[in-house]
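Examining the three-dimensional arrangement
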Amino acid sequence: QVQLVESGGGLVQPGGSLRLSCAASGSIFSINAMGWHRQAPGKQRELVAAITSGGSTNYADSVKGRFTISSDNAKNTVYLQMNSLKPEDTAVYYCNAEVLISVVPTRYNGYWGQGTQVTVSS
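Residues numbered from 1 in each chain as written. Predicted model: local features only at pLDDT ≥ 70, side-chain atom pairs only at ≥ 80, totals over all residues. Heavy atoms only, no water.

1. Let's talk about unusual backbone geometry
Most peptide bonds are trans, and most residues other than glycine sit at a negative phi. Heads up, the condition is: By the criteria applied, helices consist of DSSP H or I runs no shorter than four residues and strands consist of E runs no shorter than two, each listed in order from the N terminus.
The omega torsion of the bond from Val104 to Pro105 falls at -5°, within 30 degrees of zero and hence cis. Positionally, Pro105 belongs in the loop between β9 (91–102) and β10 (107–112). With a phi angle near 50°, Ser84 is a residue other than glycine that sits in the positive phi range. Within the secondary structure layout, Ser84 lies in the loop between β8 (77–82) and β9.

2. Looking at the pairing of strand β11 (residues 116–120)
Applied cut-off: Classification of residues uses two cut-offs on accessible area relative to the type maximum, computed with a 1.4 Å probe and protein chains only: under 20% is buried, over 50% is exposed, and between them is partly exposed. We treat two strands as partners when DSSP finds at least two bridges between them.
Every second residue of β11 is oriented toward a common face, the buried set being Thr116, Val118 and Val120 and the non-buried set Gln117 and Thr119. Note that strand β2 (residues 10–12) and β11 share three bridges and pair parallel. Paired with Val12 across the strands is Val120, a residue of β11. Where β9 and β11 come together, three bridges link them in antiparallel fashion. Across the sheet, residue Val92 finds its bridge partner in β11, namely Gln117.

3. Quick look at the side chain of Thr77
What counts is decided by this rule: Here, two residues are considered to be in contact whenever any of their heavy atoms come within 4.5 Å of each other.
When you line up the elements, Thr77 lands in strand β8. Thr77 has contacts with Cys22, Ala23, Met34, Ser70, Ser71 and Asp72, leaving out every residue within four places of it along the chain.

As structure tokens, then:
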């Protein structure tokens, strides 16, 4: 069993900043990648950012230049630094991880955090 624990969500004014954290624990051989998705009311869930164990990153066009994803592989933890926040960033943010659960054969499984609310409003 793998659990992802998130922190850092909350209410912030437009132009402000937040940093989200997500730590994975449980039956983990290793983690291939971790990332963040978000879902606003009435909208589809979308990828925000992802990072591989090798440090390669990927961002949604809507957050490029404003958000930065990073990780501490030794702690199985991923961070999302969110700057210049806009009202349209308001959503529930979900952490996920692609976890190595079998070595022979090699097999990964995806796990999700409970979600944390980010609200950008005056």
